[in-house]
Amino acid sequence: MEATLRALVDAVPTATLLFDADQQVRYANPAARVLARLCAPDKADRPLAVVGDWHPELLNSGALHLCSMHGSWSGEVILGVGRGQHKILLLHLSRVGADLFGMTVRDITQDSMRESELHARNAELEVAYAKLQGAQEQVMQSEKLASIGQLAAGVAHEINNPIGYVNSNLSTLQRYISQLFSAIQSYEAALAGGAGATEAESIRRKLDLDFLVGDVPQLLSESREGIDRVCKIVRDLKDFARKERSEDWIKADIHRGLDSTLNIIWNELKYKAQIVKTFGELPPVECLPSELNQVFMNVLMNAGQAIRDQGIITVTTSVAGERVRVDIGDDGEGIPPDVLPRVFDPFFTTKPVGSGTGLGLAISYGIVSKHHGTIEVSSTPGQGTLLRIELPIAQPR
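Everything numeric in this text was worked out from a predicted model, so none of it was measured.

Caption draft 1: Structural view of the pattern of salt bridges. Applying the stated criterion across every chain, the model contains 13 salt bridges. Linking Lys 87 and Asp 107 is a salt bridge whose minimum nitrogen-to-oxygen distance equals 3.4 Å. A residue pair is termed long-range when its members are at least 10 positions apart, and Lys 87 in strand β4 (residues 85-97) and Asp 107 in strand β5 (residues 100-107) qualify at 20 residues. A residue is classified by how much of its surface remains accessible, and Asp 107, at 31% relative accessible area, is partly exposed. Across the pair Arg 224 and Asp 228 runs a salt bridge, and its minimum N-O distance is 3.7 Å. Taken together, the residues span about one helical turn, with Arg 224 and Asp 228 both in helix α6 (residues 209-241) at a distance of four residues. Judged by relative accessible area, Asp 228 falls into the partly exposed class, the value being 41%.

Caption draft 2: Structural detail: the sheet that holds strand β12 (residues 384-392). One open sheet holds the five strands; their spatial order is β7-β9-β10-β12-β11, and the pairing between them is mixed. Because the sheet does not close on itself, it has two edges, and the strands there are β7 (273-278) and β11 (374-380). Averaged over all neighbouring strand pairs, the angle between strand axes comes to 15 degrees, with direction disregarded. On the sheet, helix α7 (residues 254-269) packs against β7, β9 (311-320), β10 (323-330) and β12 and is oriented at approximately 175 degrees with respect to β7.

Caption draft 3: Local environment of the packing of α7 against helix α8 (residues 289-306). Packing of α7 against α8 leaves a shortest axis separation of 9 Å and a crossing angle of 40 degrees. When the axis of α7 is compared with that of α8, the two are oblique. α8 is crossed by α7, and the crossing has right-handed handedness. Packed against α7, whose contacting residues are Ile 254, Gly 257, Leu 258, Thr 261, Leu 262, Ile 264, Ile 265, Glu 268 and Leu 269, the element α8 presents Leu 292, Asn 293, Phe 296, Met 297, Leu 300, Met 301 and Gly 304 at the interface.

Caption draft 4: Spotlight on the environment of Glu 390. Note that Glu 390 resides in strand β12. The sequence separation of Glu 390 and Gly 373 amounts to 17 residues, and the corresponding C-alpha distance is 5.4 Å. The residues touching Glu 390, leaving out its near neighbours within four places in the chain, are Arg 323, Val 324, Arg 325, Val 368, Gly 373 and Thr 374. A polar atom in the side chain of Glu 390 sits 2.7 Å from the side chain of Arg 325.

Caption draft 5: How the structure looks around a nonpolar patch on the surface. Residues Met 1, Leu 5 and Leu 8 make up a contiguous nonpolar surface patch of roughly 370 Å² in combined accessible area. With respect to the helices and strands, Leu 8 occurs in helix α1 (residues 2-11). Leu 8 sits in the exposed class, given a relative accessible area of 53%.

Caption draft 6: Spotlight on the nonpolar core. Within the largest apolar cluster, 39 residues are counted, with the highest numbers of intra-cluster contacts made by Ile 254, Ile 313 and Ile 389. Those elements that provide at least two residues to this core are α7, β8 (285-287), α8, β9, β10, α9 (360-370), β11 and β12. Element by element, the count of residues in this core is highest for α8, at eight residues. Residues within four places of Ile 389 in sequence aside, it is in contact with Val 295, Phe 296, Val 324, Arg 325, Val 326, Val 368, Thr 374 and Ile 375.

Caption draft 7: Main features of the environment of Asp 331. Take Asp 331: it is sitting in the loop between β10 and α9. By relative accessible area, Asp 331 is classed as partly exposed at 38%. Sequence separation between Asp 331 and Leu 386 is 55 residues, and the spatial gap between their C-alpha atoms is 8.9 Å. At 3.0 Å, the side chain of Asp 331 and the backbone nitrogen of Ile 312 are in polar contact.

Caption draft 8: Spatial organisation of the pairing of β12. Most of β12 is tucked away, with seven of its nine residues classed as buried. Two strands pair when backbone bridges link them, and β10 and β12 are joined in this way by eight bridges, in the antiparallel orientation. Following the sheet pairing, Arg 323 is matched in β12 by Pro 392. What sits between β11 and β12 in their antiparallel hairpin is a turn of three residues, with Gly 382 showing a positive phi close to 85 degrees.

Caption draft 9: Structural view of helix α3 (residues 61-70). Buried within α3 are the following residues: Ala 63, Leu 64 and Cys 67. For α3, the arc enclosing every buried residue in end-on projection is 100 degrees, short of the 170-degree limit, so these residues lie on one face. Seen from the open side of α3, the exposed residues pointing more than 90 degrees away from its buried face are Ser 61, Met 69 and His 70. Sitting at the head of α3, Asn 60 places a side-chain oxygen 3.0 Å from the backbone nitrogen of Gly 62.

Caption draft 10: Structural detail: the side chain of His 55. Within the secondary structure layout, His 55 lies in the loop between α2 (30-39) and α3. The class for His 55 is buried, based on a relative accessible area of 10%. Here the side chain of His 55 touches Gly 80 through a polar contact of 2.9 Å, landing on its backbone oxygen. Residues contacting His 55, with those up to four places away along its chain left out, are Cys 39, Leu 79 and Gly 80.

Caption draft 11: Up close: the pairing of β11. Along β11, the buried face is formed by Ile 375, Val 377 and Ser 379; none of Thr 374, Glu 376, Ser 378 and Thr 380, which line the opposite face, is buried. Where β11 and β12 come together, seven bridges link them in antiparallel fashion. Of the residues in β12, the one forming a bridge with Thr 380 is Gly 384.

Here is what the cut-offs are and how they apply
- Residues numbered from 1 in each chain as written.
- Predicted model: local features only at pLDDT ≥ 70, side-chain atom pairs only at ≥ 80, totals over all residues.
- Heavy atoms only, no water.
- Salt bridge = Lys/Arg side-chain N within 4 Å of Asp/Glu carboxyl O.
- Helix = DSSP H or I, 4+ residues; strand = E, 2+ residues; numbered from the N terminus.
- Buried < 20%, exposed > 50% of the residue type's maximum accessible area, 1.4 Å probe, protein only.
- Pairing = 2+ DSSP bridges.
- Axes fitted to C-alpha atoms, helices over the stretch in contact; angles between N-to-C directions.
- Contact = heavy atoms within 4.5 Å.
- Parallel < 35°, antiparallel > 145°, perpendicular 65-115°, else oblique.
- Left-handed = near helix turned anticlockwise from the far one by under 90°.
- Polar contact = N/O pair within 3.5 Å; in protein donor to acceptor, adjacent residues only side chain to side chain.
- Patch = residues over 30% accessible without salt bridge, like charges linked within 9 Å, V, L, I, M, F, W, Y side chains within 5 Å.
- Areas by Shrake-Rupley, 256 points an atom, 1.4 Å probe, with all protein chains shown as cover.
- Core = buried A, V, L, I, M, F, W, Y, C linked by side-chain atoms within 4.5 Å.
- Arc of directions from axis to C-beta.

Structure, rendered in C-alpha cells:
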C-alpha cells in the first residue's frame, strides 16, 4: 500500500513535500524537484535537504505555526527567481503527524497573469461600454430633437390659433375699456351738472354698457382658455425634449404621457385620423417618462403615416399581471410579411429618401428593453397594424 501511495504521489503534477518540524525534507516527489529548478534556475545542482533549499522565502515560520495550531494553512507567496522575474505559488500545509507536515505547491503565475489581463480587458470593456452608452444617448436625443424639428410647423400652427384669437380678444377688450372709461367720464360730468336718471340712462344706452357687461367675461374666459392651451403645448414640448439622466427613474402616469404626446403631434393627425382612446385603470409605472413619450410619439406618428386618407387610430391601455399594456393600432395600409421582421432594425425604412431616418422604431425597441419591457408588432396588409408595448409596473431590483 505504501508503495502504491508513493507511486501515486510521484505521478501527480503538483509539487509535494513531506518534512518535519525542523523543515528537514523526508520526501519530495518529481514535481517538487522540477519546482526547485524553477525557483533557482542558476543553482540546479544544489542539495534539497531542507525546505529552504527550494527557496529561502518559500515557507515562513508563521505559516508553520498556524498549521501546527489549526491542522492546516493555505496561502500565496511571491518569490523572486532572478533576472527580474518572480513566481506566484499557492501553498497548502497539512499536519500529518505529531512532528510531520505535508506541503503541496502549485505554480499559479500564469493564472495570475491571465487574471490581471482579464481585469485589464474588463476595464477596457467598461470604458468602451460607457462610451457606447454616451453615443446611444446622443443618438436618442438627436432623434428626439429631429422629431421635434419635423413637428415644428404643426406645433407652431397649434400655438398660433389660440394666440390669434387671444390677440383679437385683447383688441376688442381695449375698445371696451375705452368705452367704459368714456362712460365713467360721462357719468361724472352728468353728476357734476346735476343731471338726473334720464340722462344717465341715455349714456348707458349710447355706450351699450349692457352688452359690455355680458361680453367682457366671455372674452376673458376665451382668452384664458387660449393661453392655457399654449401653456400646455409648451409644457408638453419641454417635457418631451428634456434630456433625462439614467438615474431619473420615477413613478409616472402613463395616461398623462400619452395625452401629452398626442397634444404635441395633434396637428399631424387631426386631418386624417380619429383618435379613439380606451384607457383602463393603470397604477403609476416606474419609468423614464420622457423616453417613453418618445416611444409613444414614434409609434403614433407611424400609425398616422400608415393612413393614406382618413382612418382611425386606437390607443388602449390595460393591466396584465405585474405589467401594464399599451396597444396602439391603426386601420392603415399594413406591413407586408417580408418587411415585418425588419421593422425594429436600425436605419431600415420603407419611406422615401429624406422622409425618415429608420431609427424611430429601433430607438423605441431599445428604450422599451431598457425598461425591461417588450414591444411587438402584428399587421395584416390592407387592414392595419397593431403595436403592443408591455412594461413592468416596478423595475426589477
